[in-house]
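Analysis of the macromolecular model
Take a look at the letters that make up each chain.
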Amino acid sequence: MEEQYITFYLDDEEYGIEINKIREIIGYRRFTRVPGVKDIVKGMVNLRGVIFPIFDLRLKFNLPPKEYNKFSVIFVLEIAGRVMGIIVDTTSDVISLSPAEILPTPRLSPSIRTEYIKAVAQQGDRLIILLDLERILDEKELEELDATA
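Notes on the structure follow.

Calculation notes
Residues numbered from 1 in each chain as written. Predicted model: local features only at pLDDT ≥ 70, side-chain atom pairs only at ≥ 80, totals over all residues. Heavy atoms only, no water. Helix = DSSP H or I, 4+ residues; strand = E, 2+ residues; numbered from the N terminus. Buried < 20%, exposed > 50% of the residue type's maximum accessible area, 1.4 Å probe, protein only. Polar contact = N/O pair within 3.5 Å; in protein donor to acceptor, adjacent residues only side chain to side chain. Contact = heavy atoms within 4.5 Å. Salt bridge = Lys/Arg side-chain N within 4 Å of Asp/Glu carboxyl O. Core = buried A, V, L, I, M, F, W, Y, C linked by side-chain atoms within 4.5 Å. Pairing = 2+ DSSP bridges. Axes fitted to C-alpha atoms, helices over the stretch in contact; angles between N-to-C directions.

**Considerations on the side chain of Asp89**
Relative to the elements of secondary structure, Asp89 occurs in the loop between β7 (82–88) and β8 (90–97). Looking at Asp89, the relative accessible area reads 9%, which means it is buried. Of note is the side chain of Asp89, whose polar atom sits 2.7 Å from the backbone nitrogen of Asp11. Excluding its chain neighbours within four sequence positions, the residues that come into contact with Asp89 are Tyr9, Leu10, Asp11, Arg58, Lys66, Phe71, Ser72 and Val73.

**Remarks on unusual backbone geometry**
We note that Asp11 has phi near 55°; this positive angle belongs to a residue other than glycine. Mapped onto the secondary structure, Asp11 falls in the loop between β1 (3–10) and β2 (13–18). Its identity as a non-glycine residue notwithstanding, Ala80 has a phi of 50°, on the positive side. Assignment of secondary structure puts Ala80 in the loop between β6 (73–79) and β7.

**With respect to the pattern of salt bridges**
Enumeration according to the criterion identifies eight salt bridges in this entry. With a shortest N-O distance of 2.6 Å, Arg126 and Glu14 are connected by a salt bridge. Highlighted residues: Arg126 in strand β11 (residues 126–131) and Glu14 in strand β2, separated in sequence by 112 residues. On the basis of relative accessibility, which here comes to 5%, the residue Glu14 falls in the buried class. In this structure, Arg48 and Glu24 form a salt bridge, with 2.5 Å as the shortest nitrogen-oxygen distance.

**A look at the nonpolar core**
By size, the foremost hydrophobic cluster in this structure holds 27 residues, and its most contacted members are Phe8, Phe55, Leu57, Phe75 and Ile136. For this core, the secondary structure elements donating two or more residues are β1, β2, α1 (57–60), β6, β7 and α2 (139–148). No other element matches the four residues that β6 contributes to this core. In contact with Ile136, not counting residues within four places along its chain, are Phe55, Leu57, Lys60, Phe61, Ile79, Tyr116, Leu131 and Glu141.

**A short note on the sheet that holds strand β4 (residues 41–47)**
Strand order in the open sheet formed by five strands is β3-β6-β7-β5-β4, and the pairing between neighbours is mixed. If you trace the sheet from one side to the other, it starts and ends with β3 (22–27) and β4, each paired once. Mean inter-strand twist for the sheet, computed between neighbouring axes without regard to direction, equals 30°. With six bridges joining them, β4 and strand β5 (residues 50–56) adopt antiparallel strand pairing. By the bridge assignment, Val41 is partnered in β5 with Phe55.

**Considerations on the sheet that holds strand β9 (residues 102–103)**
Strand order in the open sheet made by the six strands is β8-β1-β2-β11-β10-β9, with mixed pairing throughout. Pairing within the sheet leaves two strands with one partner each, and these edge strands are β8 and β9. Summarising the sheet, β9 and strand β10 (residues 117–123) pair through two bridges and their orientation is antiparallel. Residue pairing for β10: Leu103 is matched across the bridge by Val120.

Next up, the structure:
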């Protein structure tokens, strides 16, 4: 049975998230900064009366910061029972993946954190890193996000 994913880019790497995990995709908008929180937490937004924190996936993955632009988008999703947003460089596609296209996470160097990589998908020459949203933030980061909302 095929599963649908929405794909996005951070730099030149393509990532995928199960489409049913995403509540909404909104264009980048100004957010209210919260002083004293970790760098990955960019602030909070109010979307139709729901206030939720935003974090930058680039910074979570130790990529260099990038100025937000008209292609930057926010995925509104629920992680561990909390509504939050993640900022990504740009969205790409909605794709359907068959089980044969989803490969287990390869063994990587112990210095590379892979706990939030669910699998790797391959469609032709295209490799897509599939993320496990439930494992993307550790407990300390979730507490920090809670403090902003």
